[in-house]
Amino acid sequence: MSSFCSSSESKIGLSSRPPPRNKRAESAAGGTGQFGAASGSVGLSAALAVVLLSPQCPVAPVSSLYIHRATCINRGTMQANGTGQDRDSELSCRNGAPNGESSSTGVAHSNGLVSVSNNGNTVSHNNNGVSAQTASNNSNSTSAAKKKKRLSQSEEDVIRLIGQHLHDLGLNQTVDLLMQESGCRLEHPSATKFRNHVMEGEWDKAESDLNELKALMHSPSAIVRMKFLLLQQKYLEYLEDGKVLEALQVLRAELTPLKYNTERIHILSGYLMCSHAEDLRSKAEWEGKGTASRTKLLDKLQTYLPPSVMLPPRRLQTLLKQAVELQRERCLYHNTKLDSGLDSVSLLLDHACSRKQFPCYTQQILTEHCNEVWFCKFSNDGTKLATGSKDTTVIVWHVDTETQQLKLLKTLEGHAYGVSYLAWSPDDTYLIACGPDDCSELWLWNVQTGELRTKMSQSHEDSLTSVAWNPDGKRFVTGGQRGQFYQCDLDGNLLDSWEGVRVQCLWCLSDGRTVLASDTHQRIRGYNFEDLTDRNIVQEDHPIMSFTVSKNGRLALLNVATQGVHLWDLQDRVLVRKYQGVTQGFYTIHSCFGGHNEDFIANHKVYIWHRRSELPIAELTGHTRTVNCVSWNPVLPGLLASASDDGTVRIWGPAPFLDVQDTEGLNGMTMSTRMSSS
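Cut-offs used in this document
- Residues numbered from 1 in each chain as written.
- Predicted model: local features only at pLDDT ≥ 70, side-chain atom pairs only at ≥ 80, totals over all residues.
- Heavy atoms only, no water.
- Helix = DSSP H or I, 4+ residues; strand = E, 2+ residues; numbered from the N terminus.
- Buried < 20%, exposed > 50% of the residue type's maximum accessible area, 1.4 Å probe, protein only.
- Areas by Shrake-Rupley, 256 points an atom, 1.4 Å probe, with all protein chains shown as cover.
- pLDDT = per-residue confidence, 0-100.
- Contact = heavy atoms within 4.5 Å.
- Pairing = 2+ DSSP bridges.
- Axes fitted to C-alpha atoms, helices over the stretch in contact; angles between N-to-C directions.
- Core = buried A, V, L, I, M, F, W, Y, C linked by side-chain atoms within 4.5 Å.
- Disulfide = S-S within 2.5 Å.
- Salt bridge = Lys/Arg side-chain N within 4 Å of Asp/Glu carboxyl O.
- Polar contact = N/O pair within 3.5 Å; in protein donor to acceptor, adjacent residues only side chain to side chain.
- Arc of directions from axis to C-beta.
- Expected span 1.5 Å × (residues − 1).

Under an unreviewed UniProt entry, the name given to the chain is WD repeat-containing protein 26, and the source organism is Nibea albiflora.

Enquirer: Go over the overall build of the chain, please, and point to the residues and values.
Expert: Looking only at helices and strands, one finds 17 helices and 31 strands in the chain. Going through the 678 residues of the chain one by one, you find that 45% of them count as buried. Summed over all atoms, the accessible surface of the chain reaches about 35300 Å², with 49% contributed by carbon and sulfur.

Enquirer: Got a sec to walk through the confidence of the model for the chain? Specific residues and values, please.
Expert: For the chain, the average pLDDT comes to 76, and 71% of its residues sit at 70 or higher. Taken element by element, the predicted model of the chain shows its lowest mean pLDDT in helix α5 (residues 87-94) (36) and its highest in strand β7 (residues 394-399) (97). Taken as a whole, residues 1-135 scores under 50 in pLDDT and shows 126 contacts with residues more than four places along the chain or in a different chain. A low-confidence stretch, residues 659-678 (pLDDT under 50), is modelled with 53 contacts involving residues beyond four sequence positions or located in other chains.

Enquirer: Please set out the sheet that holds strand β6 (residues 384-389) residue by residue, giving values where relevant.
Expert: Sheet strands pair via backbone hydrogen bonds, and the direction of the pair is either parallel or antiparallel. Read from one edge of the open sheet, 4 strands run β5-β6-β7-β8, paired in antiparallel fashion. Strands with a single pairing partner mark the edges of an open sheet, and in this sheet they are β5 (373-378) and β8 (406-412). Each neighbouring strand pair of the sheet contributes to a mean axis angle of 20°, computed without reference to strand direction. Sheet analysis places β6 next to β7, joined by 5 bridges and oriented antiparallel. Directly across from G388, in β7, lies its bridge partner V394.

Enquirer: Report on the nonpolar core, specifying residues and quantitative values.
Expert: Among the nonpolar cores identified, the biggest contains 45 residues, and L385, L431 and F476 are the most heavily contacted of them. In terms of nonpolar packing, the next biggest core, distinct from the first, is built from 19 residues, M217, A222, M226 and M310 among them.

Enquirer: If you had to explain the pairing of strand β18 (residues 514-519) to someone new, which residues and values would you point to?
Expert: Counting buried positions over the 6 residues of β18 gives 6, a clear majority of the element. Burial of the side chains of β18 extends over both faces: T514, L516 and S518 are buried on one face and V515, A517 and D519 on the other. Where strand β17 (residues 503-508) meets β18, 5 bridges bridge the pair, whose relative direction is antiparallel. Within the sheet, the bridge partner assigned to C505 lies in β18 and is S518. Where β17 folds back on β18, the antiparallel hairpin that results is connected by 5 residues, among which G512 adopts a positive phi of roughly 80°. The pairing of β18 with strand β19 (residues 523-528) spans 5 bridges and is classified as antiparallel. The partner of T514 across the bridge, within β19, is N528.

Enquirer: Talk me through the state of the cysteines; I want residue IDs and the actual numbers.
Expert: Tallying each qualifying case throughout the model produces 0 disulfides. Its sulfur unpaired, C629 is 4.0 Å from the next cysteine sulfur, which belongs to C376.

Enquirer: Please set out the sheet that holds strand β30 (residues 640-644) residue by residue, giving values where relevant.
Expert: A sheet is described by the order of its strands in space; here 4 strands give the open sequence β4-β31-β30-β29, paired in antiparallel fashion. Each edge of the open sheet carries a strand with a single partner, namely β4 (361-366) and β29 (627-632). Ignoring strand direction, the axes of neighbouring strands in this sheet form an average angle of 25°. As paired strands, β30 and strand β31 (residues 649-653) are joined by 4 bridges and run antiparallel to one another. From the neighbouring strand, A643 faces β31, where its bridge partner is V649.

Enquirer: Tell me what's going on with the pattern of salt bridges, and back it up with residues and numbers.
Expert: Close approach of charged atoms allows side chains of opposite charge to pair. Applying the stated criterion to the full structure yields 20 salt bridges. Notably, a salt bridge pairs K455 with E441, separated by 3.5 Å at the nearest N-O pair. Placement of K455 in strand β12 (residues 451-456) and of E441 in the loop between β10 (430-434) and β11 (442-446) is noted, with a sequence separation of 14 residues between them. As a salt-bridge pair, D472 and R475 come within 2.9 Å of each other at their nearest N and O atoms. Several salt bridges share partner residues, and in doing so they unite D204, K234 and E254 into one network.

Enquirer: Explain unusual backbone geometry residue by residue, including any values.
Expert: Notably, K259 is not glycine yet its phi reads approximately 55°, a positive angle. For K259, the position within the fold is in the loop between α12 (244-255) and α13 (262-270). Since its relative accessible area comes to 75%, K259 is described here as exposed. Although it is not a glycine, N261 sits at a positive phi angle of roughly 55°. You can see N261 is positioned in the loop between α12 and α13.

Enquirer: Can you tell me about the side chain of Q487, naming the residues and giving the values?
Expert: Summarising the element assignment, Q487 is placed in strand β15 (residues 485-489). Within polar-contact distance, the side chain of Q487 engages the side chain of R475 at 3.4 Å. For Q487, the residues in contact, after removing those within four places along its chain, are N470, R475, F476, V477, N493, L494, L495, D496 and F529.

Enquirer: Can you tell me about helix α14 (residues 277-284), naming the residues and giving the values?
Expert: Because the α-helix completes a turn every 3.6 residues, residues three or four places apart line up on one side. Within α14, burial applies to D279, L280 and A284. Down the axis of α14, the smallest arc covering the buried residues is 115°, so these residues share one side. Away from the buried face of α14 by more than 90 degrees, exposed residues E278 and S282 are located. Positive phi shows up at E285, right after α14, with a value of about 50°.

Enquirer: Outline helix α10 (residues 203-214), listing residues and values.
Expert: Compared with the 16 Å implied by 1.5 Å per residue over 12 residues, the 17 Å span of α10 between its first and last C-alpha is a close match. All of the buried residues in α10 are W203, A206, D209, L210 and L213. Buried residues of α10, seen end-on, are gathered within an arc of 120° and therefore sit on one face of the element. Exposed residues on α10 whose side chains face more than 90 degrees from its buried face are D204 and N211. As for α10, its buried residues are in contact with α9 (189-199), α11 (222-240) and α15 (291-302).

Enquirer: If you had to explain the pairing of strand β21 (residues 544-549) to someone new, which residues and values would you point to?
Expert: Burial runs high along β21: 6 of the 6 residues are buried. The pairing of β21 with strand β22 (residues 555-560) spans 5 bridges and is antiparallel. Residue pairing for β22: F547 is matched across the bridge by L558. Following β21, the chain reverses through 5 residues before pairing antiparallel with β22; G553 in that reversal takes a positive phi of roughly 75°.

Right, here's the structure in full:
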């Protein structure tokens, strides 16, 4: 059939003059166009197309079929000869019109529209043959409307934050599209150039970039500090590469003339003596030449640039972490230690913990004491609980950290006046027991062996009612309301004494020198046994019956007679908060910090407050008489003990059975609860 259609022109009534070729055919025939050379076969295809499309051609109805076949045949010939291909025509071949309509000049789009040429005018048809010109007009109108909308500053900031995060993930093409469509830019072009030069180690170019950035900075004087950081990195990399002379030149001719941080320059000069690269990295505390150290350098350099020029590193993650942390702090019942990273939480819901996860439920009742229980205290490692009673005994309990159940470990007997105070040594090896006001004796027990190491009594007129361990574990201080204040060693030998101080309660600070003591003058004073100086720290208007100090030594929790529980900042010496809901009588009651990060406070009712909330968040019921002491496990934040005149010790924990929703709250995914705003 093709032979018939391409026979002599006179047979089909055409002029003997050859038909004109279009530009594409000429290019192909000449071997210089998009199609490439094909030994004149493309010219034959073009001529065949003219003949078949002519009205005089007897096979015109099937013309598109032969055009399609001829074009594809020629394409195959050209590809076989390695002469290139036309992507638009290839799409035309793959999407040939089944109804006999020519698609040789059609272009396929990702949105499903195909454009074909009709007498020089472009008309769009969708896959069903329906014109899409109206849709195109609407799309253009929508695009124009979007371009007219001006983004607010906050919207631009959000786009930049998202762009930075996507860039850190390596989605650079997505970032380019986002910036192009929004009309924003991720950072200033000068900053981008500067970043690239730093990461590529082109220090001279990076230093030159600083001149462009100087005009964009709020503090142009910071240029010197930035230049110093650049040259320092350059110097260290030269040293690592073994280019000692070049490094020395940087040190003498570039770093020193800056006249900045001469102390650091002296340190840098010492690195010239490093014998090898590992020695240099170790002494300089430097990651070595490469991406890690240069990224760290960029993070430092960015701090001198406005965020409008270059965003702080990982800014979106920083904001998200801050938001998560703030929600945790405001959650009244949050009492679990979670990873500070974002992978441990859901960002799709607000963080909230259920009250059922909080230690508000009785898990165990210890009934081995046969009289009032005056004191209880968990060991520092959380594996033991000591309880002291009017029945003259101290019972040491073992804490199963997995089941959180307690079992009797040892009973320490012989305290004739009863036991009203207990103190664990820092390593939990020893336990000191004190009696009530009329007791002049003190017992120091070896908990591991159950043996009494020391029974101390300086005078029968003494009243040793309180004790505190020095952080070194080799000394302790003790005293009472009759004016005794002693420092002793483990054998009970008197090391120092302070006369005339009527002690209510004692605490040793972590500095190993300062001892805090509440006295009968409604105050807490700091006493230094090394230089024998003292100073006032806290002054109340009513007697301070007892107090305890947070682990970091910053906060003190006071039980104040007729007032209740007060929170003081020892560093600033100010009253932070008065907790409501309970008052304190003229008797010794011991409250405590506890829970995760010591965020909670418990007292004798048993009431529990969040440290930042004046109103109680929980009231634990179960004891039938006065609660004398509460102790929160320092390792297991969900375990709380209370000692009562009813002769029992109660162990409190979360609800024994948590439903799925409550369990999910540990990951910040339950329904909301009350939030503290302070």
